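Here is what each chain is made of, one letter per residue.
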Amino acid sequence: MAEYSLQDAWNRALREVEIENDFVRAVIKATRPLANISGTILLATPHEIAKKAIENQLNQELTAALAKYLAHDVRLAVSVEQPPADEEDRSPAPVTNLHELRNDQEKSAPPSSSAENTDVFTAADYPFTAEDQYVNKAEQESQIPSGPRLVVSNPEIDPTILVEAHLNPQYTFDSFVTGASNRFTSAAARAVAETPARAYNPLFIYGGSGLGKTHLMHAIGHYALSLYPELKVKYVSSEAFTNDFINSIREDRAEQFQRRYREIDILLIDDIQFIQDKEQTMEEFFHTFNALHTANKQVVITSDVPPKKLQGFEDRMRSRFEMGLLTDVQPPDLETRIAILQKKARLDKTEAPPEVLEYIASRISTNIRELEGALIRVTASANLSNQEIDLHMTEMVLKDIITDPDDEEITPSLIMLETADYFGTTVEALCSADRSRMLVDARQIAMYLCRELTDLSLPAIGKEFGGRDHTTVMHANKKIRNSMTQKRQVFNQVSELTNRIKQKARRRY
Ligand SMILES: Nc1ncnc2c1ncn2[C@@H]1O[C@H](COP(=O)(O)OP(=O)(O)OP(=O)(O)O)[C@@H](O)[C@H]1O
């Protein structure tokens, strides 16, 4: 049999399957083959129903027909296209469109500090695994998704693999909203997950705080694992990498450390700027990077600035970072902010009228973490008062939160000082090992506020609180977020403290 193009093969395969239900037939007809990657056919479909049908009832027939027309064995990987932030968001961008997308992004997003960067393309592949240095048992259990919201097919990724990879189950491409500010980067991230180490290696993502860099990294991990379950993926913050390295030296396990990191296929290393000036860690990362790159393994790096502006790094390292693709994320425009809030509300099953989402989105513009924080507070308040969310109550709840970020400087020490004062204790006690009820509550609220109101990463917040592990901060964040919706007292404490902190920050400024 003659070999057909992917599109032809797909069209012919579709003609061979019988689909009784009209709706299912229509959505399957609207499904598009995106790429054939070593026999894995990536399909983008507009509806979950089509995905299910293709993966279950039609899988055998379709793979057999496709194998016949393509003259090799195939397997299918189906993604549901995102609900559009705008019309162009409807499908995962094929790898070949990246240059166009970059041009689009440059046209529609404000110019970035990195305009001088050019992208250089290389090829490669990656592996890895690692013992868990930083996810404790309780946190692992709490991270296991009850029903993982994975982007692409193969939803049966073993949850323990996600835990080993340190992937946050919520940070997938499914839950990521694409707009002009991140379209190119999001497409590059998908391309890297679809063809690890062959598309862009390393992929270097930079941009301001709370703009989705970490989310995209995790999404790469999820998507890659859904396509290639055999790969070893690992997400690691650069603080965790540093701690891991220091511990390995202290405990005479350097060789084990190197082996673990060099077995990785896709290394996702977040906030690389934190290893600047840590000479030994930088040196070790340099070797890890080289070893992985040489072995054709994928590396994805994020930073708050482009490589050229990374202070304290040697030139040889900065030039390594520039070997692959440099790409940035910008603050989202209003439409994208609204779309992000809509998606968050949908995922959290929150009923919020459009004018409320528009109100929040129009007033918080620079940091998506703050945007989420505002929605959480409004939801919590509505829950506690058993009230529907409306514009009036939103304005009331957010009146102290929505301020001009240029007019204030909120630091962790200010948050800790105010929290200690509010609870009638001291900053030393907040940082101590004391686990009395009141101190645990105060500490967790202060950690939550640090996460919401400052740019500090989880490990950096942990450090402020007497050198605690970042998983403790993660736990506190989750705990307070939930408690706020259930306990009036916690909601009031968080609201009152935010008010005091913002006022003090303005006065200090
Ligand atoms: N485009 C987006 N769609 C949906 N959610 C988003 C998007 N961008 C960011 N978020 C959400 O905003 C929050 C902050 O994002 P994230 O932690 O990825 O930012 P970051 O750029 O890594 O920040 P930092 O540099 O401070 O670590 C997360 O909860 C993330 O899910």
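Residues numbered from 1 in each chain as written. Predicted model: local features only at pLDDT ≥ 70, side-chain atom pairs only at ≥ 80, totals over all residues. Heavy atoms only, no water.

Broken down by element type, the protein chain carries 23 helices and eight strands. Counting all 509 residues of the protein chain, 55% fall into the buried class. Of the contacts formed within the protein chain by residues at least 6 apart in sequence, a portion of 78% connects residues at least 24 apart. For the protein chain, the computed accessible surface area is about 22300 Å², with 48% contributed by carbon and sulfur atoms. (Helix = DSSP H or I, 4+ residues; strand = E, 2+ residues; numbered from the N terminus. Buried < 20%, exposed > 50% of the residue type's maximum accessible area, 1.4 Å probe, protein only. Contact = heavy atoms within 4.5 Å. Areas by Shrake-Rupley, 256 points an atom, 1.4 Å probe, with all protein chains shown as cover.)

Right, let's get into the environment of Lys463. Note that Lys463 resides in helix H21 (residues 458-464). As a C-alpha pair, Lys463 and Cys431 span 32 residues in sequence and 9.3 Å in three-dimensional space.

Grouped together as the largest cluster of nonpolar side chains are 53 residues, with contacts concentrated most on Ile360, Leu398, Ile415, Leu449, Met484 and Val494. Counting contributing residues per domain, this core is built from domain 3 (334-399) and domain 4 (412-506), each supplying no fewer than three. Contact partners of Ile360, with chain neighbours within four places excluded, come to Leu341, Leu371, Ala374, Leu375, Val378, Thr394 and Leu398. With 37 residues, the next largest nonpolar core counts Ala188, Ala224, Leu325 and Val329 among its residues. (Core = buried A, V, L, I, M, F, W, Y, C linked by side-chain atoms within 4.5 Å. Domains from an automatic or database assignment.)

Around the ligand sit 20 residues, and of these Ser209, Gly210, Thr214, His215 and Glu372 come closest. Measuring from an oxygen atom of the ligand, one finds a side-chain N or O atom of Thr214 at 2.5 Å. Between an oxygen atom of the ligand and a side-chain N or O atom of Arg369, the distance comes to 3.0 Å. Going through the elements one at a time, helix H9 (213-227), helix H14 (334-347) and helix H16 (368-384) are the ones with two or more residues in the shell around the ligand. Grouping the amino acids of the shell around the ligand by side-chain chemistry returns six nonpolar, eight polar and six charged. Both of domain 2 (159-328) and domain 3 (334-399) provide at least three residues apiece to the shell around the ligand. (Near = heavy atom within 4 Å. Polar contact = N/O pair within 3.5 Å; in protein donor to acceptor, adjacent residues only side chain to side chain. Nonpolar A, V, L, I, M, F, W, Y, C, P; charged D, E, K, R; others polar.)

In total, this model carries 14 aromatic pairs according to the counting rule given. Residues Phe285 and Phe289 carry aromatic rings whose centres are separated by 6.3 Å and whose planes lie at 55° to one another, so their mutual orientation is tilted. One end of the pair is Phe285 and the other is Phe289, both in helix H12 (residues 279-294) and four residues apart, which spans about a single turn. Assessed through its relative accessible area of 0%, Phe285 is described here as buried. Geometrically, the ring pair formed by Phe285 and Phe321 is tilted, given 6.3 Å between the ring centres and 55° between the ring planes. Remark: Phe321 occurs in helix H13 (residues 315-321) and Phe285 occurs in helix H12; sequence separation between them is 36 residues. (Phe/Tyr/Trp six-rings, centres within 6.5 Å; stacked < 30°, edge-to-face > 60°.)

Cis peptide bonds are those with omega within 30 degrees of zero, and the linkage from Asn201 to Pro202 qualifies with 0°. By the element assignment, Pro202 lies in the loop between helix H8 (183-194) and strand E4 (203-207). For Asp252, which is not glycine, the phi torsion reads 60° and is therefore positive. Relative to the elements of secondary structure, Asp252 occurs in the loop between helix H10 (238-250) and helix H11 (254-262). For Asn386, which is not a glycine, the phi torsion comes out positive at approximately 55°. Along the chain, Asn386 turns up in the loop between H16 and helix H17 (391-398). In this structure Asn386 comes out as exposed when scored by relative accessible area, which is 75%.

With five of five residues buried, strand E6 (residues 266-270) is to be regarded as a mostly interior element. Burial along E6 is two-sided: the face carrying Ile266, Leu268 and Asp270 and the face carrying Leu267 and Ile269 are both buried. Judged from the five bridges that link them, strand E5 (residues 233-237) and E6 form a sheet pairing that is parallel. Looking across to E6, one finds that Val236 is bridged to Ile269. (Pairing = 2+ DSSP bridges.)

What follows concerns the confidence of the model for the protein chain. With 82% of its residues at a pLDDT of 70 or more, the protein chain shows a mean pLDDT of 80. Ranking the elements of the protein chain by mean pLDDT puts helix H6 (residues 137-143) last with 30 and strand E7 (residues 298-303) first with 97. Counting contacts from residues 83-154, a segment whose pLDDT is below 50, to residues more than four positions away or on other chains yields 222 contacts. Taken together, the chains of this predicted complex give a pTM of 0.65 and an interface ipTM of 0.98. (pLDDT = per-residue confidence, 0-100.)

Attention shifts here to the pattern of salt bridges. A complete count under the given rule lists 16 salt bridges for this structure. A salt bridge links Lys51 to Glu55; the nearest nitrogen and oxygen atoms lie 3.0 Å apart. Here Glu55 and Lys51 lie together in helix H3 (residues 48-55), a separation of four residues that amounts to about one turn. (Salt bridge = Lys/Arg side-chain N within 4 Å of Asp/Glu carboxyl O.)

Let us now look at the sheet that holds E7. Taken together, the five strands give an open sheet; going across it, the order is E5-E6-E7-E4-E8, and neighbouring strands pair in parallel fashion. Each of the sheet's edge strands pairs with one partner strand only, and the pair in question is E5 and strand E8 (325-329). The average undirected angle you get between the axes of adjacent strands in this sheet is 15°. The sheet contact formed by E4 and E7 spans four bridges and is parallel. Bridge pairing links Phe204 to Ile301 in E7. (Axes fitted to C-alpha atoms, helices over the stretch in contact; angles between N-to-C directions.)

Viewed as axis vectors pointing N to C, helix H1 (residues 6-16) and helix H4 (residues 59-70) meet at an angle of 135°, and their least axial separation amounts to 9 Å. With respect to each other, H1 and H4 are oriented oblique. In terms of crossing hand, the pair formed by H1 and H4 is right-handed. Here Leu6, Ala9, Trp10, Arg12, Ala13, Leu14 and Glu16 of H1 come into contact with H4, specifically with Glu61, Leu62, Ala65, Leu66, Lys68, Tyr69 and Leu70. (Parallel < 35°, antiparallel > 145°, perpendicular 65-115°, else oblique. Left-handed = near helix turned anticlockwise from the far one by under 90°.)

Here we take up the environment of Glu18. Considering the arrangement of structural elements, one finds Glu18 in the loop between H1 and helix H2 (22-29). Overall, the relative accessible area of 70% leaves Glu18 in the exposed class. In the structure, Glu18 is positioned 40 residues away from Leu58 in sequence and 8.8 Å away in space, judged by C-alpha atoms.

So, about the side chain of Thr485. Along the chain, the position of Thr485 falls in helix H22 (residues 470-486). In terms of polar contacts, Thr485 uses its side chain to reach the backbone carbonyl oxygen of Asn482, at 2.7 Å. Setting aside residues no more than four positions away along its own chain, Thr485 makes contact with Ala380, Asn383 and Leu384.

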